[in-house]
Amino acid sequence: MQIGVVSDTHDNARYVERAVDLFESRADAVVHCGDVVAPFSAAPFDADFDFYAVRGNNDGEWALSGTIDEFGTYLGEMGELTFDGVEFAVYHGTSEPIVDALCACGSYDYVLRGHTHERVREERGGTVHLNPGGVPIPGQEAEPAAMLVDTESGEVTTESLG
């Protein structure tokens, strides 16, 4: 399976549209690591893939969870997903000690997170820690990106959304 990973789209319609276009052609499932922000920004992810999302620190609209649950799965603060026997933890990332604990616990093949708007791809023991980044913010000027995880090969590719 190809698992799409995106985070911190912050109501930016351009990046949401580019992510959905990418994922429609290449992903079987998509995981949003939080900060979708408003329901109208979640709606485009109602596409030809399974969709999962966790809550980010800027996801303050209560209707967001209901909108996502109409076509996907809203995981709340943190979620655990299994695709093809590969274990994923999903958390927005507002607490670095929690991210560190998820990476160190040995229960997950991948820890997917967002929040910092910094792209991360690192291996910690047997766990791969991924953050696709997010919309540019002062001090984090990298173009937003999405990641694709191949559950069979373990290959992770990064695709620009800029």
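Just above sits the structure.
Let us look at the structure shown here. (Residues numbered from 1 in each chain as written. Predicted model: local features only at pLDDT ≥ 70, side-chain atom pairs only at ≥ 80, totals over all residues. Heavy atoms only, no water.)

## Section: helix α1 (residues 13–26)
- Under the 1.5 Å per step criterion, the end-to-end length of α1 is 20 Å for 14 residues, consistent within 8% with the ideal 20 Å.
- Turning to α1, the residues buried within the fold contact β1 (2–6), β2 (29–32), α2 (39–42), β10 (145–150) and β11 (156–160).
- Where α1 starts, the residue carrying a side-chain oxygen 3.2 Å from the main-chain nitrogen of Arg14 turns out to be Asn12. (Helix = DSSP H or I, 4+ residues; strand = E, 2+ residues; numbered from the N terminus. Expected span 1.5 Å × (residues − 1). Contact = heavy atoms within 4.5 Å. Polar contact = N/O pair within 3.5 Å; in protein donor to acceptor, adjacent residues only side chain to side chain.)

## Here's the deal with the sheet that holds β10
- The strand order β4-β3-β2-β1-β10-β11 describes an open sheet built from six strands, whose pairing is mixed. The outermost strands of the open sheet, each flanked by one partner alone, are β4 (73–74) and β11.
- The pairing of β10 with β11 spans five bridges and is antiparallel. Along β11, the bridge assignment pairs Leu148 with Thr157.
- Relative to the sheet, α1 contacts β1, β2, β10 and β11, its axis offset from that of β10 by approximately 15°. (Pairing = 2+ DSSP bridges. Axes fitted to C-alpha atoms, helices over the stretch in contact; angles between N-to-C directions.)

## Some remarks on the nonpolar core
- In this structure, Phe23, Phe45, Phe51 and Ile68 are the most contacted members of the largest nonpolar core, which totals 22 residues.
- Breaking this core down by element, the ones donating at least two residues are α1, β3 (50–53), α3 (63–69) and β10.
- Ranked by residues supplied to this core, first place goes to α1 with six residues.
- Counting 19 residues, the second-largest nonpolar core is a separate cluster that includes Val128, Leu130, Met147 and Val149. (Core = buried A, V, L, I, M, F, W, Y, C linked by side-chain atoms within 4.5 Å. Buried < 20%, exposed > 50% of the residue type's maximum accessible area, 1.4 Å probe, protein only.)

## Side note on a negative patch on the surface
- On the surface, Glu17, Asp21, Glu24 and Asp48 cluster together into a negatively charged patch.
- Relative to the helices and strands, Glu17 is located in helix α1.
- When its relative accessible area of 52% is taken as the criterion, Glu17 is described as exposed. (Patch = residues over 30% accessible without salt bridge, like charges linked within 9 Å, V, L, I, M, F, W, Y side chains within 5 Å. Areas by Shrake-Rupley, 256 points an atom, 1.4 Å probe, with all protein chains shown as cover. Salt bridge = Lys/Arg side-chain N within 4 Å of Asp/Glu carboxyl O. Lys, Arg positive; Asp, Glu negative; His and termini not counted. Charge placed at Lys NZ, Arg CZ, Asp CG, Glu CD.)

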